[in-house]
Amino acid sequence: MISTCGDFLPACPLSVLELRARLLKVVRDFFSERGYLEVETPVLSHDVSVDAHLEPFVTQWMPEDASDTGSETLYLQTSPEFAMKRLLAAGAKAIYQVARAFRNGESGRLHNPEFTIVEWYRVGATYHQQMDEVEALIRRILGNKWGGFPRLSYREAFLRHIGLDPFASDMAALRTAITVRGLSHAWQASADEDKDTLLNLLLAELVEPRLGQESPEFLYDYPVSQAALARTRPDNPEVAERFELYIRGVEICNGYGELTDARELRERVCRQNTLRVKARRRALPESSRLLAAMEAGLPACSGVALGFDRLVMIAAGASSLREVMPFPHELA
Amino acid sequence: MGIVTTSDFRKGIKVEIDGQPYLMLECEFVKPGKGQAIYRTKLRNLLTGAIIDRTYKSGDSVQSADVREGDATYLYRDKSGYVFMDTETYEQYHLTAEQIGEPAKFLKEEMPVRMVYWNNTPITVTLPYHVVLKVTYTEPAVRGNTAGNVMKPATLETGATIQVPAFVQVGDLVRVDTRTGEYIERANQ
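Note that the coordinates shown come from a computational prediction; the quantities given were computed from them, not determined experimentally.

### Comments concerning the domain arrangement of chain A
Residues and elements named next belong to chain A.
Part 1 of the argument: By domain assignment, chain A separates into domain 1 (14-150 + 212-323) and domain 2 (151-211).
Part 2 of the argument: Relative placement of domain 1 and domain 2: their C-alpha centres are 25 Å apart.
Part 3 of the argument: If you look at the interface, domain 1 gives 26 residues, while domain 2 gives 18 residues.
Part 4 of the argument: Roughly 1800 Å² is buried in total at the junction of domain 1 and domain 2, and carbon and sulfur atoms are behind 52% of that figure.
Part 5 of the argument: One can count two salt bridges joining domain 1 with domain 2.
Part 6 of the argument: For Arg151, the salt bridge goes to Asp132, with nearest N and O atoms at 2.5 Å.
Part 7 of the argument: At the junction of domain 1 and domain 2, the tally comes to 12 residue pairs in polar contact (both at pLDDT 80 or more).
Part 8 of the argument: Considering each element in turn, the side of domain 1 that touches domain 2 owes the most residues, seven residues, to strand β8 (residues 217-223).
Part 9 of the argument: Split by residue class, the side of domain 1 that touches domain 2 holds 13 nonpolar, six polar and seven charged.

Written out as structure tokens, the structure is:
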């Protein structure tokens, strides 16, 4: 595209690569000490996460002797979630991996279309136990310099930072909050708009920037409409067992008490596909080998996906992923 | 004009908001958790120079602004303001000091400029970033105080007053940055 003399040079200094390598070793030591098995799963798969707001890279399998353009569709993984859960259904107890993940269209200060995920699962663990695991890992990487990491529920966070209950408020109340806060320019009524769209906007503009300022902070118990693949809390059908960790306003990881109910998965995938079609995105395959694994029986488990690049960014005192990646999107 | 959706948002595009033309200065992609992407933008009003923040959801759209630029020459100043000539059409246009902003004080007759049109009406001009102007008045340097870091006011041939180093004298040519109004160097031939 662009050709200049210095165009081959990396975006970050080589010293950052040393930091990356050192932190990667810390991560591997951490999980190995805790009895997790390191695994590798395909980056290219027939299956793909079906999410209203995640766009995969799509490619075609071409047999070597094929005269046609290939008829088998393959997806670059948006996370290694499906394959790792298949391993759990096959009997693995505690597994982790450092994987490349791909998300189409995502590029910015905190996003790169290709990035590194550290993802792990433990059978029998609860999502609160996984928050403990995250906390221990973060202390190992960034230093043991804080008291306990506060855990703030999604409801408490909205009450504290916006003064409204995200579950009790209807769309009109959320729209009012958006207008009152001078964010109305961000809101244009559109066909695909739902309550989650408005909650998401309020979260991004008014809650997230305030999370994890004093010390890393967990946000947990998301609305069940934003469950993704987290299970519904057995004692509260309004919320899903999902959490994220924030450090100075930056989301670092996403964890679930995992959904194990195959029928529920089928329904959620169908719902996400409907949202995708409404937003004029391509529909994605609804059946998958994960579904087959869950039908065969996925044991109760909890898992976390952590953005390794963002963690390196924070460890390096940087404010953009471009400062800690040798060849970000624009230079790849 | 057309519609610009968030996927086309980037630095440098011109859009219309509340009936006014804006230049996008920054566009940040934000995506919280599993939610919809959001674009945080910073925009400059091309009429007033005011800078505003706007946030858009992925898929939102705005009107694109019909803004173009063309070569023009500054002719002279009269009671109503500054007169320019489009160098292609030879059409003459008036702009007020407010429309041009601070850099107006560096306009010199015959100076080439870029005229900015919105819906084919001139709204402002952009001066060359660096211009060379003659010093018409400045106090002589105090003896022994001619080190480069001591500044004094100087009046230029266009009437503008800027800060120059003490060694600059009346009749010197100086290079000025029209964006910041700062002295760059002496430019005597």
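### Side note on the sheet that holds strand β5 (residues 51-57) of chain B
Part 1 of the argument: If you walk across this open sheet you meet the six strands as β1-β6-β2-β3-β4-β5 (chain B), and the pairing is antiparallel. The open sheet terminates on both sides in strands that have one partner only, identified here as β1 (3-5) and β5 of chain B. Neighbour to neighbour, the strand axes of the sheet diverge by 50° on average, direction disregarded.
Part 2 of the argument: Strands in contact with helix α6 (residues 195-207) of chain A are β4 (38-45) and β5 of chain B; relative to β4(B), the strand with the most contacts, it is inclined by about 65°.

### With respect to the pairing of strand β9 (residues 92-95) of chain B
Residues and elements named next belong to chain B.
Part 1 of the argument: Of the two faces of β9, only the one carrying Tyr93 and Leu95 is buried; Gln92 and His94 on the other face are not.
Part 2 of the argument: Here strand β8 (residues 81-86) runs beside β9; their pairing, made up of four bridges, is antiparallel. Bridged to Met85 within β9 is Gln92.
Part 3 of the argument: Counted along the chain from β8 to the antiparallel partner β9, the turn is five residues long, and its residue Tyr90 has a positive phi close to 65°.

### Here's the deal with the packing of helix α1 (residues 14-33) of chain A against helix α3 (residues 127-142) of chain A
All names here are of chain A.
Part 1 of the argument: The N-to-C vectors of α1 and α3 enclose an angle of 140°; their axes lie 10 Å apart at closest approach. When the interaxial angle is binned, α1 and α3 end up oblique. Crossing of α1 over α3 shows right-handed handedness. Across the interface between the two elements, Leu23, Val26, Val27, Phe30, Phe31 and Glu33 of α1 pack against Glu133, Ala136, Leu137, Arg140 and Ile141 of α3.
Part 2 of the argument: Of the residues in the contact of α1 with α3, the class split is eight nonpolar, no polar and three charged.

### Considerations on the side chain of B:Gln36
Part 1 of the argument: Within the secondary structure, B:Gln36 is located in the loop between β3 (20-30) and β4.
Part 2 of the argument: A polar contact of 3.3 Å, which involves the side chain of B:Gln36, links it to the backbone oxygen of B:Ser58.

### Structural notes on the interface of chain A and chain B
Part 1 of the argument: Across the boundary between the two partners, chain A contributes 29 residues, which contact 18 residues of chain B.
Part 2 of the argument: Interface of chain A and chain B: buried area, both sides summed, is about 2100 Å²; carbon and sulfur atoms make up 46% of it.
Part 3 of the argument: Where chain A meets chain B, there are three salt bridges.
Part 4 of the argument: Note that B:Glu28 is salt-bridged to A:Arg109, the shortest N-O span being 2.8 Å.
Part 5 of the argument: Linking chain A with chain B are six residue pairs in polar contact (both at pLDDT 80 or more), by the criterion used here.
Part 6 of the argument: At the level of secondary structure, the elements contributing two or more residues to the side of chain A that touches chain B comprise α6, β10 (236-247) and β11 (250-257) of chain A.
Part 7 of the argument: By residue number, the principal contributor to the side of chain A that touches chain B is α6(A), which donates six residues.
Part 8 of the argument: A breakdown of the residues in the side of chain A that touches chain B according to their chemical character gives eight nonpolar, 11 polar and 10 charged.

Calculation criteria
- Residues numbered from 1 in each chain as written.
- Chains lettered and ligands numbered in written order.
- Predicted model: local features only at pLDDT ≥ 70, side-chain atom pairs only at ≥ 80, totals over all residues.
- Heavy atoms only, no water.
- Domains from an automatic or database assignment.
- Contact = heavy atoms within 4.5 Å.
- Buried area = accessible area lost by both parts, 1.4 Å probe.
- Salt bridge = Lys/Arg side-chain N within 4 Å of Asp/Glu carboxyl O.
- Polar contact = N/O pair within 3.5 Å; in protein donor to acceptor, adjacent residues only side chain to side chain.
- Helix = DSSP H or I, 4+ residues; strand = E, 2+ residues; numbered from the N terminus.
- Nonpolar A, V, L, I, M, F, W, Y, C, P; charged D, E, K, R; others polar.
- Pairing = 2+ DSSP bridges.
- Axes fitted to C-alpha atoms, helices over the stretch in contact; angles between N-to-C directions.
- Buried < 20%, exposed > 50% of the residue type's maximum accessible area, 1.4 Å probe, protein only.
- Parallel < 35°, antiparallel > 145°, perpendicular 65-115°, else oblique.
- Left-handed = near helix turned anticlockwise from the far one by under 90°.

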